[in-house]
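So you can see what is in the structure, the chains are spelled out below.
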Amino acid sequence: MKIEILGTGCTKCKALEEATKQAVAQSGKFAQIEKVEDIMKIMEYNVMSTPGLVIDGKVVSTGKLLSVAEIIDLIKSQYL
């Protein structure tokens, strides 16, 4: 599983990155986590509001800071 955090480095983007790391650790799943700060790469996902969360190439959230529990739910939903 590959998880990407889209954002240019704002406070919410950094917080989403930390929450994502915690969620992956708590979920027991293996995931590669990557922070994407390049505006052009972010725009390739058609994300106009950061932070964004992408799981296996699919945008699952934009423009809000998700809780650890919300991220765990998104990770688990990818295994259904």
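Summarised in this report is the structure supplied together with it. (Residues numbered from 1 in each chain as written. Predicted model: local features only at pLDDT ≥ 70, side-chain atom pairs only at ≥ 80, totals over all residues. Heavy atoms only, no water.)

Some details on a nonpolar patch on the surface
(1) Moving on: Where nonpolar side chains cluster on the molecular surface, the patch consists of I39, M40, M43 and M48 and spans about 450 Å² of accessible area.
(2) Moving on: Residue position: M43 is located in helix α2 (residues 39–44).
(3) Moving on: Judged by its relative accessible area of 42%, M43 falls in the partly exposed class. (Patch = residues over 30% accessible without salt bridge, like charges linked within 9 Å, V, L, I, M, F, W, Y side chains within 5 Å. Areas by Shrake-Rupley, 256 points an atom, 1.4 Å probe, with all protein chains shown as cover. Salt bridge = Lys/Arg side-chain N within 4 Å of Asp/Glu carboxyl O. Helix = DSSP H or I, 4+ residues; strand = E, 2+ residues; numbered from the N terminus. Buried < 20%, exposed > 50% of the residue type's maximum accessible area, 1.4 Å probe, protein only.)

A few points about the packing of helix α1 (residues 11–27) against helix α3 (residues 68–77)
Any two packed helices are characterised by how steeply their axes cross, that is the angle between the axes, and by the distance between the axes.
(1) Moving on: One way to put it is that α1 packs onto α3 with a least axis distance of 8 Å and a crossing angle of 60°. The pairing of α1 with α3 is recorded here as oblique in orientation. Crossing of α1 against α3: the hand is right-handed. Between α1, through L16, A19, T20, Q22, A23, V24, Q26 and S27, and α3, the contact on the second element is made entirely by V68, I71, I72 and I75. (Axes fitted to C-alpha atoms, helices over the stretch in contact; angles between N-to-C directions. Parallel < 35°, antiparallel > 145°, perpendicular 65-115°, else oblique. Left-handed = near helix turned anticlockwise from the far one by under 90°. Contact = heavy atoms within 4.5 Å.)

Some thoughts on the environment of Q22
(1) Moving on: Summarising the element assignment, Q22 is placed in helix α1.
(2) Moving on: Sequence separation between Q22 and L66 is 44 residues; the distance between their C-alpha atoms is 12 Å.

Details of the pairing of strand β4 (residues 58–62)
(1) Moving on: Where strand β3 (residues 52–55) meets β4, four bridges bridge the pair, whose relative direction is antiparallel. If you follow I55 over to β4, its bridge partner there is K58.
(2) Moving on: What sits between the antiparallel neighbours β3 and β4 is a turn of two residues, in which D56 has the positive phi angle 50°. (Pairing = 2+ DSSP bridges.)

Quick notes on α3
(1) Moving on: All of the buried residues in α3 are V68, I71, I72 and I75. In a view along the axis of α3, the buried residues occupy a sector of 105°, so they form one face of it.
(2) Moving on: Buried positions along α3 lie against β1 (2–6), α1 and β3. (Arc of directions from axis to C-beta.)

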